[in-house]
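These are the residues of each chain, in order.
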Amino acid sequence: MIRYSLACPSGHDFEAWFASSEAFEVQQKKDRIACPVCGSTAVGKALMAPSVSTSRKKDSVRLAANVPDQQQEMAAVLRKLRQHLTENADYVGPKFAEEARRIHYDEAEKRGIYGEASPEEARALVEEGIEFSPLPMLPEEHN
């Protein structure tokens, strides 16, 4: 696995994990990487400080090769958060953008919803001032 610092043209910085640098390139070319803030798929690698391993760091590097307790705890928190969100919202499937607009413009009952939206639909919602957030990605969804 490889971690990249990424950024969109709007200046939003975020990180993502990929199986390899080739996996990143493939996903980037197919517009499958989207900014979690604005939905832009014009995402590129941001500058990162390299991680250089010295002989003194070998033991810590070996420990880092195993999934640290902090990452496991964070994954558990993300799973719990996602479960809470999906249990307390209505699934609207591919009609997410349409239903989000109806709620925003008071044409439908205000409630939590979740579903799917294309990057173009997400961009249009942002441009209309309709607030939404992507569901947290779980580590197992990156494999």
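Each remark here, short or long, concerns the structure printed above.
Note that this is a predicted model, so its numbers are computed, not measured.

Calculation rules
- Residues numbered from 1 in each chain as written.
- Predicted model: local features only at pLDDT ≥ 70, side-chain atom pairs only at ≥ 80, totals over all residues.
- Heavy atoms only, no water.
- Core = buried A, V, L, I, M, F, W, Y, C linked by side-chain atoms within 4.5 Å.
- Buried < 20%, exposed > 50% of the residue type's maximum accessible area, 1.4 Å probe, protein only.
- Helix = DSSP H or I, 4+ residues; strand = E, 2+ residues; numbered from the N terminus.
- Contact = heavy atoms within 4.5 Å.
- Phe/Tyr/Trp six-rings, centres within 6.5 Å; stacked < 30°, edge-to-face > 60°.

### Quick look at the nonpolar core
Thought 1: Grouped together as the largest cluster of nonpolar side chains are 11 residues: Tyr-4, Leu-6, Cys-8, Phe-14, Ala-16, Phe-18, Phe-24, Ile-33, Cys-35, Cys-38 and Val-43.
Thought 2: Elements with a minimum of two residues in this core: strand S1 (2–7) and strand S2 (13–18).
Thought 3: The leading source of residues in this core is S2, at 3 residues.
Thought 4: Residues in contact with Cys-35, not counting those within four places in the same chain, are Cys-8, His-12, Phe-14, Ser-40 and Val-43.
Thought 5: If you look at the next biggest cluster of nonpolar residues, it comprises 9 residues, including Ala-97, Ile-103, Ala-108 and Leu-125.

### A short note on the packing of aromatic side chains
Thought 1: Enumeration over the complete set of coordinates arrives at 5 aromatic pairs.
Thought 2: With 5.9 Å between their ring centres and 45° between their planes, Tyr-4 and Phe-18 make a pair best called tilted. Within this pair, whereas Tyr-4 is found in strand S1, its partner Phe-18 is found in strand S2, the two being separated by 14 residues in sequence. As far as the burial class goes, Tyr-4 and Phe-18 line up, both buried.
Thought 3: Judged by centre distance (6.1 Å) and plane angle (70°), the ring pair of Phe-96 and Phe-132 falls under edge-to-face. Highlighted residues: Phe-96 in helix H4 (residues 96–104) and Phe-132 in the segment after helix H5 (119–127), separated in sequence by 36 residues.
Thought 4: For Phe-96, a relative accessible area of 10% gives the class buried.
Thought 5: Overall, the relative accessible area of 23% leaves Phe-132 in the partly exposed class.
Thought 6: These aromatic residues form a ring-pair network of at least three members: Tyr-4, Phe-18 and Phe-24.

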